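Close look at the chain arrangement
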Amino acid sequence: MTDPDYTEEVRAFFSNHNDHFSLFQALERMISSIGPATVEVHKTEISFGTKAKFAWLWYPPSGSKRPPNSIVLTFSVGRRLKNKRFTEIVEPYPGRFTHHVIIESEAELDKEVFTWMCEAYTFSLIRTRKVTAIS
C-alpha cells in the first residue's frame, strides 16, 4: 500500500507528531496483510477503504480527556462489538457500527486489532447503502 504519491501527504499529516508516523506504517502493514486497500489523506483524518471506507486514523480534539500523545483508530463493522478498549460505539446507519479505539503505541496494534481490521475490511467489501426513493 505504501505509495510515494501519498507518503509525503501522510508525513505532512503527522508533522506535529512524527512518532505517530510509525503507528500509521504499522496499521498500513496490518491492513496490507489482509488485502488491497486505498489510502486517502485528508486534513483531519487518514482513511483506508476498498469498495467503502472501513478504517480511519485521526487526532482527538484538543482539550479532550484522551491521552495527549494518542491517536484514534475508528473502524466500521456490521455489528456492535463489546470490548473495554472502545471509547465510543456509534450506529450512524442501521446495521453499521463505528468503534473508536485510542492508540498510544505500536504494541496496541495487536491480534485483537487485527481481528477487528479483518472484519471491517470484509464488511467494506459487502456493505451497500440502501437508497429509498421518495415520491
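In this text the structure is predicted, and so the values were computed from the model without any measurement.

1. Digging into helix H3 (residues 111-126)
The end-to-end C-alpha separation of H3 is 23 Å, in line with the 22 Å expected for 16 residues at 1.5 Å each. Within the span of H3, buried status applies to Val113, Trp116, Met117, Ala120, Tyr121, Phe123 and Ser124. With its buried residues spanning 165 degrees around the axis, H3 presents them on a single face. In H3, the exposed residues that point more than 90 degrees away from the buried face are Lys111 and Ile126. Its side-chain oxygen placed 3.2 Å from the backbone nitrogen of Glu112, Asp110 serves as the N-cap of H3.

2. Observations regarding the pairing of strand E6 (residues 96-103)
Within E6, eight of the eight residues are buried, which leaves it mostly tucked inside the rest of the structure. The side-chain alternation of E6 yields two buried faces, one formed by Arg96, Thr98, His100 and Ile102 and the other by Phe97, His99, Val101 and Ile103. Judged from the seven bridges that link them, strand E4 (residues 71-77) and E6 form a sheet pairing that is antiparallel. Note that in E6 the partner of Leu73 across the bridge is Val101. Linking two consecutive strands that pair antiparallel, namely strand E5 (residues 86-93) and E6, is a turn of two residues; a positive phi of about 80 degrees is found at Gly95 within it.

3. Observations concerning the confidence of the model for the protein
Note that predicted coordinates carrying low pLDDT should not be read in detail. Looking at the protein as a whole, the pLDDT averages 88, with 88% of positions reaching at least 70. Mean pLDDT values over the elements of the protein span from 80, in helix H1 (residues 4-13), up to 97, in H3.

4. Brief notes about the packing of helix H2 (residues 21-34) against H3
Where H2 meets H3, the axes come as close as 10 Å, and the angle between the chain directions of the two elements is 55 degrees. By the angle between their axes, H2 is oblique relative to H3. Crossing handedness for the pair H2 and H3: right-handed. Residues Leu27, Met30, Ile31, Ser33 and Ile34 of H2 form the contact with H3, whose own contacting residues are Val113, Phe114, Met117, Cys118 and Tyr121. In terms of residue class, the contact of H2 with H3 is made up of nine nonpolar, one polar and no charged.

5. Some words on the packing of aromatic side chains
Considering all chains together, one arrives at 11 aromatic pairs under this definition. Considering the side-chain rings of Phe13 and Tyr59, the 5.7 Å spacing of their centres and the 20 degrees angle between planes classify their relative orientation as stacked. Pair noted here: Phe13 is in helix H1 and Tyr59 is in the loop between strand E3 (53-58) and E4, with a separation of 46 residues, a long-range link. Using a relative accessible area of 14% as the deciding quantity, one classes Phe13 as buried. One aromatic cluster in this structure is built from Phe13, Phe14, Phe21, Phe24, Phe48 and Tyr59.

Here is what the cut-offs are and how they apply
Residues numbered from 1 in each chain as written. Predicted model: local features only at pLDDT ≥ 70, side-chain atom pairs only at ≥ 80, totals over all residues. Heavy atoms only, no water. Helix = DSSP H or I, 4+ residues; strand = E, 2+ residues; numbered from the N terminus. Expected span 1.5 Å × (residues − 1). Buried < 20%, exposed > 50% of the residue type's maximum accessible area, 1.4 Å probe, protein only. Arc of directions from axis to C-beta. Polar contact = N/O pair within 3.5 Å; in protein donor to acceptor, adjacent residues only side chain to side chain. Pairing = 2+ DSSP bridges. pLDDT = per-residue confidence, 0-100. Axes fitted to C-alpha atoms, helices over the stretch in contact; angles between N-to-C directions. Parallel < 35°, antiparallel > 145°, perpendicular 65-115°, else oblique. Left-handed = near helix turned anticlockwise from the far one by under 90°. Contact = heavy atoms within 4.5 Å. Nonpolar A, V, L, I, M, F, W, Y, C, P; charged D, E, K, R; others polar. Phe/Tyr/Trp six-rings, centres within 6.5 Å; stacked < 30°, edge-to-face > 60°.

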